[in-house]
Amino acid sequence: MTSSKAGPATAGGGWPELAAAPEAPLRAKIAEALFRRAVRPLDVRVVLPGGRWLGAGGPEAPRMYLRRPAAFFQRLGADAKIGFGEAYLVGDWTSDALAEVLTPFAERMATLIPPVLHRFRRFVDRRQPAGEANTVDGARRNIHRHYDLSNDLFATFLDETMTYSSALYGSPTEDLTTAQWRKIDGVLDYAGVREGSEVLEIGTGWGELSIRAARRGARVTSLTISEEQAALARKRIADAGLADRVDVQLRDYRLSEGRYDAVVSVEMIEAVGAEYWPAFYETIGRRLRPDGRLGLQAITMDHDRMLAAASSYTWMHKYIFPGGLIPSPESIEAGLAEHAGLKLRAAREFGQDYARTLREWRERFTQRWAEVAELGFDEVFKRMWEFYLAYSEAGFRSGYLKVRQLSFGK
């Protein structure tokens, strides 16, 4: 059974575009040669049918099982940045240690393809579809495809705060809820939120940051373009007795109004799209009072990797987050200086905490799969979200991705 809420790929009671591997014999042969070369030094074992294996991993190394090598290399040859993940969705390959298998690939992301072949990237890399650009209408469609899947779906794997961003752990044994509150308090502190503050939140989530800001005595205007999130956030805020202090608006950040003592935004900038970062920064500058502060949490990658990824269309775009781009710290700092007149005041990085957060989410998602299935999501969706969460975890485990909290002031 499939869910009509799981986006275009699940419509029609199946996944017809995944049924057969694309026919691209020459590209499949090239993909196989490049894959064999890429895994040769990695601490993994890629196990082939019959028991032969590739890679430098010893007996205890994480294992990637190639169930259907021919189909795997066909998908990889047709589009490596999408085909690798699609091959997992349909079972061409599998693993019982998914994040551990993906981590060595993430560690060598910049060198998996020989440098001599990089000049051909513009001929083989798919560009992001024009229809997924984050215009005011496009951003609403893109957000709908992910955040409006089902509040009940997200409730199966998030903690009681319904916070869908990295936690900030205080100890190896700390529970996820406490670590999420620490993260939120860190952002609010960076923005100088206190009693009497007027706060603009860009990206409501399910309302927990607004709740904690209001409990400090602040008044909050929170913007979202997700109808599902807005409905549940308003209910949670009302249940907390704070409806008179928090105004959740279904409104794009570009259509915001007013001036505020603080602007806060947690892991929303990644969905903005590079083309619209200047508008995002300008909006923050216009909304802040002269002595106001910005508290920002953002997933980041190194600047050279951001530039390389800027126009690519990947598995993550197609299946999880259309239209986005992860920024570099340099691009954020330069953009806010140029377009908002803001200067960096403080920063902290905690990427390994995100790896741990993602691991907890994936474990919860897997453990409660029966409840997810009852919502109408199918086995391919299960593998999609397992891959998404493990792929993201590997990015943070390897250091390819990081997460930062940043404080800016005028």
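Everything below is about the structure shown above.
Since the structure is predicted, the reported quantities are computational estimates derived from the model, not experimental observations. (Residues numbered from 1 in each chain as written. Predicted model: local features only at pLDDT ≥ 70, side-chain atom pairs only at ≥ 80, totals over all residues. Heavy atoms only, no water.)

**Here's the deal with the packing of helix 15 (residues 351–367) against helix 17 (residues 379–398)**
Where helix 15 contacts helix 17, the two axes come as close as 8 Å, and the packing angle between them is 160°. Comparing the axis directions of helix 15 and helix 17 gives the class roughly antiparallel. Pair helix 15 / helix 17 crosses with left-handed handedness. Residue-level contacts link G351, Q352, Y354, A355, L358, R359, W361, R362, F365 and T366 of helix 15 to F381, K382, W385, E386, L389, A390, S392, E393, F396 and R397 of helix 17. (Axes fitted to C-alpha atoms, helices over the stretch in contact; angles between N-to-C directions. Helix = DSSP H or I, 4+ residues; strand = E, 2+ residues; numbered from the N terminus. Parallel < 35°, antiparallel > 145°, perpendicular 65-115°, else oblique. Left-handed = near helix turned anticlockwise from the far one by under 90°. Contact = heavy atoms within 4.5 Å.)

**A short note on the environment of F387**
Mapped onto the secondary structure, F387 falls in helix 17. Residue F387 is classed as buried on the basis of its relative accessible area of 2%. Residues F387 and R362, 25 residues apart in the sequence, show an inter-C-alpha distance of 9.4 Å. Discounting chain neighbours no more than four positions away, the residues touching F387 are F84, G85, Y88, W93, L98, L102 and W315. (Buried < 20%, exposed > 50% of the residue type's maximum accessible area, 1.4 Å probe, protein only.)

**Remarks on the side chain of E86**
With respect to the helices and strands, E86 occurs in helix 3 (residues 80–89). If sequence neighbours within four positions are ignored, E86 has contacts with L18, R75, W315, K318 and Y319.

**Quick notes on the sheet that holds strand 3 (residues 63–66)**
Strand order across the open sheet formed by 4 strands is 2-1-3-4, with mixed pairing between neighbours. The open sheet terminates on both sides in strands that have one partner only, identified here as strand 2 (53–54) and strand 4 (93–94). As paired strands, strand 3 and strand 4 are joined by 2 bridges and run antiparallel to one another. For Y65, the partnering residue across the bridge sits in strand 4 and is T94. (Pairing = 2+ DSSP bridges.)

**Description of the packing of helix 4 (residues 98–107) against helix 17**
Closest axis-to-axis distance for the helix 4/helix 17 pair is 8 Å, and the angle between their directions is 50°. Compared by their axis directions, helix 4 and helix 17 come out oblique. For the element pair helix 4 and helix 17, the recorded crossing hand is right-handed. Touching L98, A99, E100, L102, T103, A106 and E107 of helix 4 are E386, F387, A390, Y391, E393, A394, G395, R397 and S398, all from helix 17. Its residues assigned to classes, the contact of helix 4 with helix 17 comprises 8 nonpolar, 3 polar and 5 charged. (Nonpolar A, V, L, I, M, F, W, Y, C, P; charged D, E, K, R; others polar.)

**Topic: the packing of aromatic side chains**
Across all of its chains, the model carries 34 aromatic pairs by this definition. Relative to F73, the ring of F35 lies with its centre 5.8 Å away and its plane at 65°, an arrangement referred to as edge-to-face. Taken together, the residues F35 in helix 1 (residues 25–39) and F73 in helix 2 (residues 69–78) connect sequence positions 38 residues apart. The class for F73 is buried, based on a relative accessible area of 6%. Aromatic pair F365 and W385: ring centres 6.3 Å apart, planes at 25°, arrangement stacked. With a gap of 20 residues between them, F365 in helix 15 and W385 in helix 17 connect regions that are remote in the sequence. Just above the ring of Y190 sits the side chain of R348; from NZ or CZ to the centre is 4.3 Å. In this structure, R383 packs its charged tip against the face of Y88, placed 4.1 Å from the ring centre. (Phe/Tyr/Trp six-rings, centres within 6.5 Å; stacked < 30°, edge-to-face > 60°. Lys NZ or Arg CZ within 6 Å of the ring centre and 35° of its normal.)

**Thoughts on the sheet that holds strand 6 (residues 219–224)**
Sheet architecture is open: 7 strands sit in the order 7-6-5-8-9-11-10, paired in mixed fashion. Either end of the sheet is taken by a strand with one partner, and the two such strands are strand 7 (246–250) and strand 10 (343–349). On average, each strand axis in the sheet is inclined to that of its neighbour by 15°, with strand direction left out of account. In terms of strand pairing, strand 6 meets strand 7 through 5 bridges, oriented parallel. In the sheet register, S222 faces strand 7, and the bridge partner there is V248.

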